[in-house]
Amino acid sequence: MIVVARLKAKPLLAGQVVSALAFAGLAWSQAWPVRADGAGEMIRALLFGDAVATAAMIAAAFAFRTCWRLWRRRGSYVFHDGVRLYRGSTLSWPLAAIRDVVIERGALGVPTLRLVVDDDSEVTRALVPLPLLDGSAEAVRGGVLFAATGMRGVPGGVTVN
């Protein structure tokens, strides 16, 4: 396994803290008015109270989980094993199919390193957001392209004694 990109720890920890505080504040605001009625009423208020607050609590819990999972994988977020390029623990692409790495702005305006993969689609694949990247974007781009071109340059059936 060869690590190509790592993530910064501080933004991920800050995201965990902010989302946990948002969840706690929303839960507190839902349960506080019915605190005298008992724990059952408080739980009912959390689950079946204001629908917008409940949806916001679910979004805060999802944000916490996302930041926590990214924080756990921060040391080796983008890596390859000589055959495939992996992003986190969920996505992977064959190195032979990678054509380029570009920087594009996403839907929210955040610049992101994206892969151009040769699979007959016009869509690029998000690799890592630049604000979370620990290191330079050029180094990650060079590492990915070196791995991709290096794998194309070596025949698959050759063994060295």
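Thresholds, definitions, all that
- Residues numbered from 1 in each chain as written.
- Predicted model: local features only at pLDDT ≥ 70, side-chain atom pairs only at ≥ 80, totals over all residues.
- Heavy atoms only, no water.
- Pairing = 2+ DSSP bridges.
- Helix = DSSP H or I, 4+ residues; strand = E, 2+ residues; numbered from the N terminus.
- Axes fitted to C-alpha atoms, helices over the stretch in contact; angles between N-to-C directions.
- Buried < 20%, exposed > 50% of the residue type's maximum accessible area, 1.4 Å probe, protein only.
- Polar contact = N/O pair within 3.5 Å; in protein donor to acceptor, adjacent residues only side chain to side chain.
- Contact = heavy atoms within 4.5 Å.
- Phe/Tyr/Trp six-rings, centres within 6.5 Å; stacked < 30°, edge-to-face > 60°.
- Lys NZ or Arg CZ within 6 Å of the ring centre and 35° of its normal.
- pLDDT = per-residue confidence, 0-100.

K.L.:
Mind showing me how you'd approach the pairing of strand β4 (residues 91–94) here?
P.N.:
Of the pairings in the sheet, the one linking strand β3 (residues 84–87) to β4 comprises 4 bridges and is antiparallel in character. Across the sheet, L85 pairs through a bridge with W93, a residue of β4. The hairpin turn running from β3 into β4, its antiparallel successor, is 3 residues long, and G88 in that turn takes a positive phi close to 65°.

K.L.:
Explanation requested: the sheet that holds strand β5 (residues 98–105) in the structure shown.
P.N.:
Remark on secondary structure: sheet strands pair via backbone hydrogen bonds, oriented parallel or antiparallel. Spatially, the 3 strands line up as an open sheet ordered β5-β6-β7, and their pairing is antiparallel. In the strand order of this sheet, the two ends are held by β5 and β7 (125–129), each with one partner. On average, adjacent strands in this sheet sit at an angle of 30° to one another, irrespective of strand direction.

K.L.:
Can you walk me through the side chain of R114 in this structure?
P.N.:
Looking at the secondary structure, you find R114 in strand β6 (residues 111–117). With relative accessibility at 19%, the residue R114 sits in the buried group. Side-chain polar atoms of R114 contact the side chain of T124, separated by 2.6 Å. Leave out the neighbours within four places in its chain, and R114 touches D100, V101, V102, E104, T124, R125, A126 and L127.

K.L.:
When you look at the packing of aromatic side chains in this model, what are you seeing that I'm missing?
P.N.:
Where two aromatic rings form a pair, the distance of their centres and the angle of their planes describe that pair. Tallied over the entire structure, the rule returns 2 aromatic pairs. Arranged with centres 5.1 Å apart and planes meeting at 20°, the rings of F79 and Y86 form a pair that is stacked. It is R35 that lies over the ring of W32; its NZ or CZ is 3.9 Å from the centre. Taking NZ or CZ as reference, R72 lies 5.0 Å from the ring centre of W68, over its face.

K.L.:
Sorry, what's going on with the environment of L13 here?
P.N.:
Structurally, L13 is set in helix α1 (residues 9–31). Sequence-wise, L13 and C67 are 54 residues apart; in three dimensions their C-alpha atoms are separated by 7.3 Å.

K.L.:
Hey, could you run me through the confidence of the model for the protein in this one?
P.N.:
The predicted structure's coordinates, where accompanied by low pLDDT, should not be read in detail. Per-residue pLDDT for the protein averages 88, and the proportion of residues at 70 or more is 93%. Here helix α4 (residues 137–153) stands out as the least confident element of the protein, with mean pLDDT 83; α1 is the most confident, with 96. Every residue in residues 153–161 scores below 50 in pLDDT, and together they form 0 contacts with partners more than four places removed in sequence or on other chains.

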